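So the chains spell out like this:
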Amino acid sequence: MRLVRFGLPGQELPGILDAQGQVRDLTGIVDDIDAAALSPSSIEKLRGVDIERLPFAPAGSRLGPCVGSVPNLICIGLNYSDHAAETNTPIPSQPVVFNKHTGSISGANDPVILPGDAKKLDWEVELAIVIGSPAWHVEESKALDHIAGYCLANDVSERAYQLEYEGQWTKGKSSFSFAPLGPWLVTRDEIADPQNLDLWLEVNGKRYQNGNTRTMIFSVAHIVSYLSRFMPLMPGDVIITGTPPGVGLGQKPNVFLKAGDVMRVGGTGLGEQSQAVVPYVAEMGAAWVAGRHPNVD
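Residues numbered from 1 in each chain as written. Predicted model: local features only at pLDDT ≥ 70, side-chain atom pairs only at ≥ 80, totals over all residues. Heavy atoms only, no water.

J.: Could you clarify how one ought to interpret the overall build of the protein chain in this entry?
T.: Assigned secondary structure in the protein chain consists of five helices and 18 strands. The C-alpha radius of gyration computed for the protein chain amounts to 18 Å, which stays within 12% of the reference 19 Å derived for 297 residues, consistent with globular compactness. Each principal axis of the C-alpha atoms in the protein chain carries an extent, and together these give about 55 × 45 × 35 Å. For the protein chain, the exposed surface amounts to about 12600 Å²; the carbon and sulfur share of it is 54%. Here the protein chain contributes 23 positive and 33 negative side-chain charges, whose respective centroids are spaced 3 Å apart. (Helix = DSSP H or I, 4+ residues; strand = E, 2+ residues; numbered from the N terminus. Rg over C-alpha atoms; globule rule 2.2 N^0.38 Å. Areas by Shrake-Rupley, 256 points an atom, 1.4 Å probe, with all protein chains shown as cover. Lys, Arg positive; Asp, Glu negative; His and termini not counted. Charge placed at Lys NZ, Arg CZ, Asp CG, Glu CD.)

Shown next, in the form of structure tokens:
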């Protein structure tokens, strides 16, 4: 199944794609595509729904982040050896773990907001894991059983904030719109092997990233098992698993995003994203304070 959330920011409704790729409305069957809807029993219930009898979503509906009310957005850094090499970073012996603030989550095709003092805005296509059942101290051999599904992510990063300021990476990763998720969540049964998925990213039509999850240093199963040693993974948690080579920081000379640039992002079975980079203006902050979504309002 391919599950989506459609509608205005903060007002998204649950949906599912039919065989023709059209969005059908799941309102009344589940409240949202969130922790409750992603439990094994709820996924099983959704499998029994006659999709063709569901109403269509309104034509042209925006697709929001494919997971709602995400409790925790966990990230794995430097998980491809060739990406570590291009950033002149030693290959880690254990997963590099950090967080993005959940306020950075946005829809797959929402604009990315360029902070006013940003100098080194970068891109990172990634496979995201969505947890469906609690995982705590799970064995690697059973780790995949705790996954509800997968989606595409773009780990947008401001490298100056991340690498040139003191402290954790989180502040270079967490600005509003820095975590587009979707367009859909594909349930685990639809992905035969999460370690054989192509991932790619283009900027203004030029392909910079062209990788495959088989070159991950730490597999999906290992990541879930490893994280569960240190924290309880809960339904609705999203884990983004690292990026293949080709980021802007790795180009010679460096290439960073500017206002007007357009990213196009894709992955096997995960769909495509498209984000235009737009400059921050004061009205965006006012919109956020007023409870509106500054990306699209």
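J.: Got a minute to help me understand the nonpolar core in this structure?
T.: Taken as a class, soluble globular proteins show a tendency for nonpolar side chains to be buried jointly. Ranked by internal contacts, the top residues of the largest apolar core, which has 47 residues, are Tyr150, Ile239 and Met263. Listed by contribution, the elements that provide at least two residues to this core are strand S1 (2-6), strand S4 (73-77), strand S7 (112-114), strand S9 (125-131), strand S10 (147-154), strand S14 (198-203), helix H4 (220-230) and strand S17 (262-267). The greatest single-element share of this core, amounting to five residues, is contributed by H4. Apart from the residues within four sequence positions on either side, Ile239 is in contact with Ile74, Ile76, Leu127, Ala128, Ile129, Ile131, Ile223, Val224, Leu227 and Leu233. Counting 29 residues, the second largest nonpolar core, distinct from the first, contains Leu46, Leu54, Ala128 and Leu185. (Core = buried A, V, L, I, M, F, W, Y, C linked by side-chain atoms within 4.5 Å. Buried < 20%, exposed > 50% of the residue type's maximum accessible area, 1.4 Å probe, protein only. Contact = heavy atoms within 4.5 Å.)

J.: What should I look at first to understand the packing of aromatic side chains in this one?
T.: By convention here, two paired aromatic rings are described through the distance between centres and the angle between planes. Enumeration over the complete set of coordinates arrives at four aromatic pairs. Lying over the aromatic face of Trp184, Arg2 brings its terminal NZ or CZ to 4.9 Å of the ring centre. Across from the ring centre of Phe56, 3.8 Å away, lies the NZ or CZ of Arg24, which sits over that ring. (Phe/Tyr/Trp six-rings, centres within 6.5 Å; stacked < 30°, edge-to-face > 60°. Lys NZ or Arg CZ within 6 Å of the ring centre and 35° of its normal.)

J.: Help me understand helix H1 (residues 40-47), please; the structure alone is not making it clear to me.
T.: Along H1, the positions that sit buried rather than exposed are Ser42, Ile43 and Leu46. What you see down the axis of H1 is that its buried residues fit within an arc of 100°, all on one side. Facing away from the buried side of H1, by more than 90 degrees, are the exposed residues Pro40, Ser41 and Glu44. Packing partners of the buried residues in H1 comprise S1 and strand S13 (185-187). (Arc of directions from axis to C-beta.)

J.: Just to check I follow, could you spell out the pairing of strand S15 (residues 206-212) for this structure?
T.: If a strand is regular, its side chains alternate between the two faces of the sheet. Here six bridges tie S14 to S15, and the two strands are oriented antiparallel to one another. From the neighbouring strand, Val203 faces S15, where its bridge partner is Lys206. In this antiparallel pair of consecutive strands, S14 and S15, the connection spans two residues, and Asn204 shows a positive phi of 50°. (Pairing = 2+ DSSP bridges.)

J.: What exactly am I supposed to notice about unusual backbone geometry here?
T.: Going from Gly182 to Pro183, the amide bond is cis rather than trans, its omega being 20°. Along the chain, Pro183 falls in the loop between strand S12 (179-181) and S13. Here the residue pair Lys252 and Pro253 is connected by a cis peptide bond, since its omega of 0° sits within 30 degrees of zero. Relative to the elements of secondary structure, Pro253 occurs in the loop between strand S16 (238-240) and S17. Despite not being glycine, Leu78 has its phi angle at roughly 55°, a positive value. Within the secondary structure, Leu78 sits in the loop between S4 and helix H2 (81-86). Of note, the phi angle at Asn204 is positive, near 50°, even though the residue is not glycine. Along the chain, Asn204 falls in the loop between S14 and S15. Classification of Asn204 as partly exposed rests on a relative accessible area of 46%.

J.: Mind showing me how you'd approach the pattern of salt bridges here?
T.: Two side chains that carry opposite charge are able to pair once their charged atoms sit near each other. Evaluated as defined, the whole model comprises 18 salt bridges. The residue Arg24 makes a salt bridge to Glu52 at a minimum N-O spacing of 3.0 Å. Taken together, the residues span a long stretch of sequence, with Arg24 in strand S3 (residues 23-25) and Glu52 in the loop between H1 and S4 at a distance of 28 residues. A relative accessible area of 44% means that Glu52 is categorised as partly exposed. Among the salt bridges present, the one from Arg264 reaches Glu202, with a minimum N-O distance of 3.2 Å. In this pair, Arg264 is assigned in strand S17 and Glu202 in strand S14, connecting sequence segments 62 residues apart. The network of salt bridges with common partners includes Lys100, Asp122, Glu124, Asp155, Arg159 and Lys173. (Salt bridge = Lys/Arg side-chain N within 4 Å of Asp/Glu carboxyl O.)

Scope: geometric values only; no functional claims are made or implied.
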